[in-house]
Amino acid sequence: MMDLQQQNISDNNFESCIKCTICTVYCPVTAVNPDYPGPKQAGPDGERYRLKRPYFYDEALKYCLNCKRCEVACPNNVKIGDIIQSARIKYAKGRPSLRDSMLADTDAMGTMATTMAPLVNFTLGLRPVKLIMDKVLKIDDRRTFPKYASERFETWYRRHAARQQESFGKTVSYFHGCYVNYNYPQLGKDLIKVMNALGYGVRLLDHEKCCGVAKIANRCVDEATRDGEKNLKAIRKAVAAGDDVIATSSTCCFTMRDEYPHVLGLDNADVRDSIMLATRFIYDLIDSGKGKLVFRSDYRKKIAYHVPCHMEKLGWTICSTSLLRMIPGVEFINLISHCCGIAGTYGFKKEYYDYSQAIGAPLFKDILQSGCDFVACDCETCKWQIEMSTGVEVLNPISVLAEAIDVEATQRANL
């Protein structure tokens, strides 16, 4: 029997491509980088050649953001981004560089940085240090690093775990991710505030690891697979206990639901539907009449919402925007859908920085012209990019809810 390569058949569905090229029209990289062949050529077209002869692999595939906008646009549901990522993993020459390995290992870097956060934050902001990283590691000196927290979210949570497990009849399990744990624990605290008001206790997954998106992007696939297996084990344990698993990061959620099976080959079919974004979980509660939010009468904000690329692929934008629109004192602006350009670690790298900023330029312009008080967004790396490039604050919709709700009234409404 002929194997897949001899049959010229891919594990992905490139055969369904009808060559309409709409993916290229919607690709944010093609618009700013003439060296990138575009998703159709890099994905399904190139796959036909790579299956015959691996030397047809084009190193220009490294410019792909894996934003999934090509997949959202595709009328035939071709997994174009997955085809490109899988080709990079399989055919790209050389091992990941020291820089790429460091940027990919968010748990290791976060663990070290939080033990001396004030010093790390101060040092990373120094111009000479940024210039050295630019020259030695090729991390662009114009990039602003996110701040690290002095206390990790997991450390804070341990002091409050008993109440979360003992004071509520219903619970959810929270995949907090690296950003909440090492950079911004307040988002995790905000989620707990909102869920407690809705009558739910919040538990953490056992021995959670990074979702793996940075490792996948930097071709550290063995490490991403290892972490993914540990996360799925923890998720299965939580689901077996009766919990849904919620996340506050659209990218973490997308990675565990879709990249695990499509790119890493990890079967998550038994728990995939139990992994969801927190805003979707809350929206479903309210929409079904099983939960109610009561808002402060004095909350007044003009909020512009930016939809992250992976959120658009998940199809859950309506959940976050609907929750924000429920707040009586909010003037809501739904920004035109643009990629912000950072793509996780992509925008930190010297060779991609200018492309990253050019991709995000239309979004930055719209935000600055909107006159908003702040931007709401479900992705932490979009937050970094927007805040650095516009100076406008970015909040997760969960943090907006935490600020806008009347906690006591919401608790009474959900008894």
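Engineer: So what exactly am I meant to see when it comes to the overall build of the chain here?
Structural biologist: The helix and strand inventory of the chain stands at 23 helices and eight strands. Computed over its C-alpha atoms, the radius of gyration of the chain comes to 21 Å, within 12% of the 22 Å expected for a compact globule of 415 residues. Expressed along its principal axes, the backbone C-alpha trace of the chain runs to roughly 65 × 55 × 40 Å. Taken over 415 residues, the chain has a buried fraction of 57%. Accessible surface computed for the chain: about 18200 Å², of which carbon and sulfur atoms make up 52%. One way to put it: in the chain the 54 positive side-chain charges average out to a point 2 Å from where the 49 negative ones average out.

Engineer: What exactly am I supposed to notice about helix 16 (residues 250-262) here?
Structural biologist: In a regular helix each residue adds 1.5 Å, so 13 residues correspond to 18 Å; helix 16 covers 17 Å between its end C-alpha atoms and thus fits that length. By the criterion of burial, helix 16 is predominantly enclosed, with 11 of the 13 residues buried. Listed in full, the buried residues belonging to helix 16 are Ser250, Thr251, Cys252, Cys253, Phe254, Thr255, Met256, Arg257, Asp258, Glu259 and Tyr260.

Engineer: Quick question: what am I supposed to make of the nonpolar core here?
Structural biologist: Generally speaking, nonpolar side chains in soluble globular proteins are found buried as a group. One finds Met195, Ile246, Ile282, Leu293, Ile327 and Leu401 to be the most contacted residues of the largest nonpolar core, which totals 102 residues. Apart from the residues within four sequence positions on either side, Ile327 is in contact with Phe295, Tyr299, Val400, Leu401 and Ala404. Cys27, Ala42, Tyr57 and Ile80 belong to the second largest nonpolar core, which has 30 residues in total.

Engineer: Would you mind showing me how to read the pairing of strand 1 (residues 170-175) here?
Structural biologist: The side chains of a regular strand alternate, residue by residue, between the two faces of the sheet. A large share of strand 1 lies buried, amounting to five of its six residues. Pairing analysis gives five bridges linking strand 1 to strand 2 (residues 200-204), with the strands arranged parallel. Along strand 2, the bridge assignment pairs Lys170 with Tyr200. Bridge count between strand 1 and strand 3 (residues 245-247): three bridges; the pairing is parallel. Across the sheet, residue Phe175 finds its bridge partner in strand 3, namely Ala247.

Engineer: Could you clarify how one ought to interpret the side chain of Lys215 in this entry?
Structural biologist: Considering the arrangement of structural elements, one finds Lys215 in helix 14 (residues 213-217). Every residue in contact with Lys215, bar those within four places of it in the chain, is listed here: Ala104, Asp105, Cys210, Cys220, Val221, Glu223, Ala224, Arg226 and Asp227.

Engineer: What should I look at first to understand the state of the cysteines in this one?
Structural biologist: Defined simply, a disulfide is a covalent bond joining two cysteines at their sulfur atoms. A full pass over the atoms with the stated rule returns zero disulfides. We note that Cys20 lacks a disulfide partner, and the nearest cysteine sulfur, in Cys74, lies 6.3 Å from it. Unpaired in this structure, Cys23 has its nearest cysteine sulfur neighbour in Cys70, at a distance of 6.2 Å.

Engineer: Explain the packing of aromatic side chains here, please?
Structural biologist: Each aromatic ring pair is described using two quantities: the centre-to-centre distance and the angle formed by the ring planes. Scanning the model with the defined rule gives 14 aromatic pairs in all. Residues Tyr49 and Phe56 carry aromatic rings whose centres are separated by 5.2 Å and whose planes lie at 55 degrees to one another, so their mutual orientation is tilted. Given a relative accessible area of 48%, Tyr49 falls into the partly exposed group. For the pair Tyr179 and Tyr184, a centre-to-centre distance of 5.9 Å together with 25 degrees between the ring planes defines the contact as stacked. Owing to a relative accessible area of 9%, Tyr179 belongs among the buried residues under this scheme. Through pairs of rings, three or more aromatic residues link up here, namely Phe145, Tyr179, Tyr184, Phe348 and Trp384. Here the guanidinium or amino end of Lys383 rests over the ring plane of Tyr184, the centre of that ring lying 5.4 Å away.

Engineer: Whenever I open this one, the packing of helix 13 (residues 185-197) against helix 22 (residues 397-404) confuses me. Can you help?
Structural biologist: Two measures define how a pair of helices packs: the angle their axes make with one another and the distance between the axes. Close contact between helix 13 and helix 22 brings their axes to 8 Å; oriented N to C, the two are set at 55 degrees. As summarised for this structure, helix 13 and helix 22 are arranged oblique, according to the angle between their axes. For the crossing formed where helix 13 meets helix 22, the hand is left-handed. Together, Leu187, Asp190, Leu191, Lys193 and Val194 of helix 13 and Ile398, Ser399, Leu401 and Ala402 of helix 22 make up the contact between the two elements. Of the residues assigned to the contact of helix 13 with helix 22, the class counts are six nonpolar, one polar and two charged.

Engineer: When you look at the packing of helix 17 (residues 278-287) against helix 19 (residues 317-326) in this model, what are you seeing that I'm missing?
Structural biologist: Between helix 17 and helix 19, the least distance of the axes is 8 Å, while the angle of their chain directions is 60 degrees. Taken together, the axes of helix 17 and helix 19 lie oblique to each other. The chirality of how helix 17 crosses helix 19 is left-handed. Of the residues in helix 19, those touching helix 17 at Thr279, Arg280, Ile282, Tyr283 and Ile286 are Cys319, Ser320, Ser322, Leu323 and Met326. When grouped by side-chain class, the residues that make up the contact of helix 17 with helix 19 number six nonpolar, three polar and one charged.

Engineer: Where do I start with unusual backbone geometry in this structure?
Structural biologist: Glycine aside, residues mostly have negative phi angles, and peptide bonds mostly take the trans form. Unusually for a residue other than glycine, Arg219 sits at a positive phi of about 65 degrees. Residue position: Arg219 is located in the loop between helix 14 and helix 15 (221-240). Positive phi, close to 50 degrees, is recorded for Ala343, a residue that is not glycine. Looking at where Ala343 falls in the secondary structure, it is placed in the loop between strand 6 (330-334) and helix 20 (353-370).

Engineer: Where do I start with the sheet that holds strand 5 (residues 301-305) in this structure?
Structural biologist: Each strand in a sheet pairs with another by means of backbone hydrogen bonds, the pair being arranged parallel or else antiparallel. Read across the sheet, four strands follow the order 6-5-7-8 without closing on themselves; strand pairing throughout is parallel. For this open sheet the edge positions go to strand 6 and strand 8 (394-395), each flanked by a neighbour on one side alone. Direction of pairing for strand 5 relative to strand 7 (residues 374-376): parallel, over a ladder of three bridges. Pairing of Tyr305 across the sheet is with Ala376, part of strand 7.

Parameters and conventions
Residues numbered from 1 in each chain as written. Predicted model: local features only at pLDDT ≥ 70, side-chain atom pairs only at ≥ 80, totals over all residues. Heavy atoms only, no water. Helix = DSSP H or I, 4+ residues; strand = E, 2+ residues; numbered from the N terminus. Rg over C-alpha atoms; globule rule 2.2 N^0.38 Å. Buried < 20%, exposed > 50% of the residue type's maximum accessible area, 1.4 Å probe, protein only. Areas by Shrake-Rupley, 256 points an atom, 1.4 Å probe, with all protein chains shown as cover. Lys, Arg positive; Asp, Glu negative; His and termini not counted. Charge placed at Lys NZ, Arg CZ, Asp CG, Glu CD. Expected span 1.5 Å × (residues − 1). Core = buried A, V, L, I, M, F, W, Y, C linked by side-chain atoms within 4.5 Å. Contact = heavy atoms within 4.5 Å. Pairing = 2+ DSSP bridges. Disulfide = S-S within 2.5 Å. Phe/Tyr/Trp six-rings, centres within 6.5 Å; stacked < 30°, edge-to-face > 60°. Lys NZ or Arg CZ within 6 Å of the ring centre and 35° of its normal. Axes fitted to C-alpha atoms, helices over the stretch in contact; angles between N-to-C directions. Parallel < 35°, antiparallel > 145°, perpendicular 65-115°, else oblique. Left-handed = near helix turned anticlockwise from the far one by under 90°. Nonpolar A, V, L, I, M, F, W, Y, C, P; charged D, E, K, R; others polar.

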